[in-house]
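Listed here are the chains, written in short residue letters.
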Amino acid sequence: MKTGKVYRVAGPVAVAELDARMFDIVLVGEEKLLGEVIQINGNKCTIQIYEDTTGLKPGATVSNTGEPLSIELGPGLLTSIYDGIQRPLPDLKAQLGDFIKRGATAPGLNHEKKWEFKATAKKGDDVSGGKIIGTVMEGQINHKIMIPPNKKGKITEISSGSFTVDEIVCKLDSGDKIKLMQKWPVRTPRPTSKKLPPNIPLITGQRIFDSLFPLAKGGVAAIPGGFGTGKTVTQQSLAKWCDAEIIVYVGCGERGNEMTEVLTEFPKLTDPRTGKPLLNRTILIANTSNMPVAAREASVYCGMTLAEYYRDMGYNVAVMADSTSRWAEAMREISSRLEELPGEEGYPAYLSTRLADFYERAGRYSNLNKTDGSISVIGAVSPAGGDMSEPVTQGTLRVVKCFWRLDSKLAQRRHFPAINWLDSYSLYLDILEKWFSANVAEDWRPIVDKIMSILQEEEKLLEIVQLVGSDALPEKEQVTLEIARLAREMFLQQNAFHAVDTFSEPKKTYSFMKTILKYGDLAYKALGEGSKVSDIVSIKSKEKLADVKFEKEYEKLLNSIVKEMESEFRKMKSDKK
Amino acid sequence: MKEYKTISRVAGPLVFVKKTEPVAYSDMVKVLMPNGEEKNAQVLDTSEETVVVQVFEGTAGIDLNSRIKFLNQPIKLPVSEELLGRILSGSGKPIDSGPELVADKMMDITGAAINPYSRGNPEDFIQTGVSTIDAMNTLVRGQKLPIFSASGLPHNEIALQIARQAKVVGKESNFAIVFAAMGITNEEAQRFIQDFEQTGALERSSVFLNLASDPAVERLLTPQLALTAAEYLAFEKDMHVLVILTDMTNYCESLREIGSAREEIPGRRGYPGYMYTTLANIYERAGMIKGKKGSITQLPILTMIGDDITHPIPDLTGYITEGQIVLDRELHRRNIYPPIDVLPSLSRLMNLGIGDKKTREDHKQVSDQLYAFYAEGKDLRGLVAIVGEESLSERDRKLLKFASEFENKFVKQSKSEDRNISKTLDIGWKLLSDISESELGRISPELRKKYYGRR
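From a predicted model like this one, the values you see are computed outputs, not experimental measurements.

So, how was this worked out
Residues numbered from 1 in each chain as written. Chains lettered and ligands numbered in written order. Predicted model: local features only at pLDDT ≥ 70, side-chain atom pairs only at ≥ 80, totals over all residues. Heavy atoms only, no water. Core = buried A, V, L, I, M, F, W, Y, C linked by side-chain atoms within 4.5 Å. Buried < 20%, exposed > 50% of the residue type's maximum accessible area, 1.4 Å probe, protein only. Helix = DSSP H or I, 4+ residues; strand = E, 2+ residues; numbered from the N terminus. Contact = heavy atoms within 4.5 Å. Domains from an automatic or database assignment. Buried area = accessible area lost by both parts, 1.4 Å probe. Salt bridge = Lys/Arg side-chain N within 4 Å of Asp/Glu carboxyl O. Nonpolar A, V, L, I, M, F, W, Y, C, P; charged D, E, K, R; others polar. Axes fitted to C-alpha atoms, helices over the stretch in contact; angles between N-to-C directions. Parallel < 35°, antiparallel > 145°, perpendicular 65-115°, else oblique. Left-handed = near helix turned anticlockwise from the far one by under 90°. Phe/Tyr/Trp six-rings, centres within 6.5 Å; stacked < 30°, edge-to-face > 60°. Lys NZ or Arg CZ within 6 Å of the ring centre and 35° of its normal. Polar contact = N/O pair within 3.5 Å; in protein donor to acceptor, adjacent residues only side chain to side chain. Patch = residues over 30% accessible without salt bridge, like charges linked within 9 Å, V, L, I, M, F, W, Y side chains within 5 Å. Areas by Shrake-Rupley, 256 points an atom, 1.4 Å probe, with all protein chains shown as cover. Lys, Arg positive; Asp, Glu negative; His and termini not counted. Charge placed at Lys NZ, Arg CZ, Asp CG, Glu CD.

## Things to note about the nonpolar core
With 164 residues, the main nonpolar core has I133(A), L212(A), Y310(A) and W404(A) as its most contacted residues. For this core, the leading source of residues is helix 5 (residues 293-312) of chain A, giving twelve residues. Not counting chain neighbours up to four residues away, the residues in contact with W404(A) comprise F209(A), F213(A), L215(A), A221(A), A222(A), I223(A), P224(A), L238(A), I378(A), I419(A) and S424(A). In this structure, L84(B), V241(B), L255(B) and L302(B) belong to the second largest nonpolar core, which totals 65 residues.

Structure (structure tokens):
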């Protein structure tokens, strides 16, 4: 191992005289603080240090491991909770106590635990990178053991049985020995065979997303919003209810207490599809805002690599990154310590390239082993001052196809999820149309379009109302306003904290829209037949729509509401005569 | 310990020292001036050739003949339970004519991050007796909830009222207050101290004072010291500590001053790019720890420059803290105390601390309903200005009336009025009862039946 010595220390960055390659991992000082080479200048290299540098002196020894920042991949990842560089937080607690001090090392996987390995490949098989040679049950997930991407050969030995992640389960004629665990550098995407079109929706259980702004499996979405608009609650709802098989939740520079909430809440929740605890499919990365800034920068890559590993097994993975702005700020902070010339607002000029590189790792793929898997990424963005023109939001918008804009006006009136339906968009709407009409309802898309156009028309009408008051509107428009109100208050609002309303299946979402439009049809018809607007907008049965979201047996209720509506309108007609 | 006489440059609050033995980053430094005076400083940047130190008491009087002593250890605070009842300077020296601090132990003031896995869930409702906070933006133990104020608004009165009245109903509590003043005026500081004295809270308080006339750089130390004291009291002495930090805006200005003296590339509005991390290191030192009895609840106060909530200081703060209490000049002008504008205010931990057995079963829904009506009513004011009240519908007129009743009966209360949560919610119901029952869409039918129109 090559060694050198520290020349300068300033904050999370140190300069050392050391022979190194870019992105080599180095150990700094007596406490062996973990660092990464991020700039080379003559015989000096600049190191970002993943731990607090208080007390570090010039002259301290630096040793170069010669390897890039890598993480351990193997059974035991699920249900784990890591810091930004894959150190399990419970292990850090056991070593250091309640506060995270420095110089602790903890491997990402448990190296003592034995796993039941069932070989599916046999002696003599020709295998190459990605090939599945056996399985391990990791909770309810069938964890596939794969040949690491860069290895290949003929199997000379393979056996089922009970192994730790370090023990050899399979030998190849190339001399390679395969263990349950492999290592992979986080900044390098894991190889795949080819990218597939994202034509299957990621069902989120959130009405506004599934209907108006759907996300595809393998798609990328950004949720920008000022503070207090509900980014984290939305991210958490998605992590809880979306129909991915594996969830990687990256808490990047966020609040400690919020991570605690996730940690206490997730074990209590059950997956509505499998009935098993939601935590069993989840990996959490928690690098809170006061943990070292360099580890924050690494945390999103760490999360993405974990996701790619499960994708390689053929799973659909969703990555929640909360928040990518904190990651960008970490880049800015390091960049300014490097005294690089800044781009916009002090962010480094390579900000948008890094953002694009990161989001491009998402997608639906055909893997090396011929399975199909996907990674969907949902990145929260915290624009400074709520200003969407700032560099991180803009850099993100250039690469994502789904834009869910959180609106502080809506949040203030407690309209949640506070997604602005006029500014948000999804470019997956067309490609997913086929799936929805085949799997939910034939007329899914026309219904969605109708709801959307009513909401858009409302916006225009409200402008007029602002000027002249609602009584001055033509009668038909007054009815439109009422339909839009139903769509907003009853349909779009969803209570993340209510046991039933927190998850709305596509069928429910569809029936809900359909009933609201039914009211619209009846109302316009009645108007045409000469009924009074005040009667039409004040019929009682439609107010019961508010109860639908809280109702498990929603179909029965919706049917009875439709019946009541019809009879009320009939009565209106006969009263007139 | 060696002393160096190799100062090469003095600029603003920074002193540059040439050729020294290896000096550790962030260590404590003393600057000895020819007249015998001593100043405290800290290492900001260290290399084999130059060491940069920031001087907390300002660099006035330092010359090339001054000597530098590296103490070879980080800055520490002597802590013991005797910190309570004491008034200290912004750099932790007694200024109340009491004895020197006795050290039970010395604690590093930087403070490490609490392992998220060790954190306890904050869920104990703190009743502040202020309706707008208790009902609408509930404070819980272990939370950090800043007051976003602006010059001329009564943030200090509100902070004091909270400090006086805050309690966890039905729980015996071993409480303490840690008060850290950064660059506030002597008059304001006196108000706090007098109030603490009158209510007897001073005995349970530890006061750190950096006044407007004190050196600006010293302010960078004050919250660190205060929070170190708070951590000791909370996590080693089992106390429930309320930390009041005022005024964070002054703190950030000092941060900017250091940044520009170091010729760093500035971020937004000249504030350093690492301000988010620095603020997070302060605010995140709140919370509870599993298995420990104590807690730290933070009530930072900041004045929004030009009443602008998108200014970097409130903006970054809002992204770190668990909500914010926003004061409004318009309400203040109309003589409504406390002038808390509930619409932009928020408590992120509210849902953990309320509901049946904690406050009352109807709490969440009443609060949501009040929010929705007040937002709508306030919007209508704009419309009325254009079209006049006559052209409003019956419902809109009611909402308009609701908004002003809400401000006058719910928001407004006296500086000494300690409303319990039940009373607060009852006032809420009374206001809601002026609107027809079927309009209360945010409240479930069962609760409506139980509370609506009840006398």
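Back to the text.
## A short note on the domain arrangement of chain A
All names here are of chain A. Under the domain assignment, chain A is made up of domain 1 (2-68), domain 2 (73-96 + 108-185), domain 3 (194-429) and domain 4 (444-576). The gap between the C-alpha centroids of domain 1 and domain 3 is 31 Å. With 13 residues of domain 1 at the contact, the number on the domain 3 side is eleven residues. At the boundary of domain 1 with domain 3, total buried surface from both sides reaches about 890 Å², with 65% on carbon and sulfur atoms. Sorting the residues of domain 1 by area buried against domain 3 places P12, Q48 and Y50 first, and these three jointly supply 48% of that buried surface. Our count for the domain 1 to domain 3 interface comes out at zero salt bridges. Mapped onto the side of domain 1 that touches domain 3, the elements with two or more residues apiece are strand 1 (2-10), strand 4 (33-41) and strand 5 (44-49). Broken down by element, the side of domain 1 that touches domain 3 gets its largest block of residues, three residues, from strand 5. Each residue belonging to the side of domain 1 that touches domain 3 can be placed in one class, and the counts come to six nonpolar, four polar and three charged.

## Comments concerning the pattern of salt bridges
Considering all chains together, one arrives at 77 salt bridges over all chains under this definition. Here E433(A) and R445(A) are joined by a salt bridge, their closest N and O atoms 3.0 Å apart. Of this pair, E433(A) sits in helix 10 (residues 429-439) while R445(A) sits in helix 11 (residues 444-468), placing them twelve residues apart in sequence. Residue R445(A) is classed as buried on the basis of its relative accessible area, which comes to 15%. Salt bridges sharing partners connect three or more residues here, namely E254(A), R255(A), E258(A), R326(A), E329(A) and R348(B).

## A word on the side chain of S374(A)
Mapped onto the elements, S374(A) comes out in strand 25 (residues 372-381). Under the relative-accessibility criterion, S374(A) is labelled buried at 0%.

## Quick look at the packing of helix 6 (residues 275-283) of chain B against helix 7 (residues 312-320) of chain B
All names here are of chain B. Viewed as axis vectors pointing N to C, helix 6 and helix 7 meet at an angle of 55 degrees, and their least axial separation amounts to 10 Å. Put simply, helix 6 runs oblique to helix 7. When you trace helix 6 past helix 7, the crossing you get is right-handed. Contacts between helix 6 and helix 7 pair M275, Y276, L279, A280 and Y283 from the former with P312, I313, L316, T317, Y319 and I320 from the latter. The residue makeup of the contact of helix 6 with helix 7, split by class, is ten nonpolar, one polar and no charged.

## Digging into the packing of aromatic side chains
Per the counting criterion, the structure on display carries 24 aromatic pairs over all chains. An aromatic cluster is defined as three or more aromatic residues linked by ring pairs; in this entry it consists of F373(B), Y374(B), F402(B), F406(B) and F410(B). Its guanidinium or amino end placed over the ring of W184(A), R190(A) lies 5.2 Å from that ring's centre, counting from NZ or CZ. Note that R311(A) overlies the ring of Y365(A), its terminal NZ or CZ placed 4.7 Å from the centroid.

## As for the domain arrangement of chain B
Residue and element names in this part refer to chain B. By domain assignment, chain B separates into domain 1 (3-73), domain 2 (77-352) and domain 3 (363-451). The centre of domain 2, based on its C-alpha atoms, is set 32 Å off from the matching centre of domain 3. Listed as interface residues are 30 residues of domain 2 and, on the opposing side, 26 residues of domain 3. For domain 2, the biggest contributors to the area lost against domain 3 are S131, M136 and L343; these three give 25% of the whole. Joining domain 2 to domain 3, the criterion identifies three salt bridges. Residues K378 and D341 are paired through a salt bridge, measuring 3.5 Å at the closest nitrogen-oxygen approach. On inspection of domain 2 and its partner domain 3, the count reaches 18 residue pairs in polar contact (both at pLDDT 80 or more). Where the side of domain 2 that touches domain 3 is concerned, the elements lending two or more residues are helix 1 (131-136), helix 2 (155-165) and helix 9 (350-353). Considering each element in turn, the side of domain 2 that touches domain 3 owes the most residues, five residues, to helix 1. Class assignment of the residues belonging to the side of domain 2 that touches domain 3 gives a composition of twelve nonpolar, twelve polar and six charged.

## Here we look at a negative patch on the surface
A cluster of acidic residues, E505(A), D547(A), E551(A), E553(A), E555(A) and E446(B), forms a negative patch on the protein surface. Tracing the backbone through its elements, the reader meets E446(B) in helix 13 (residues 445-451).

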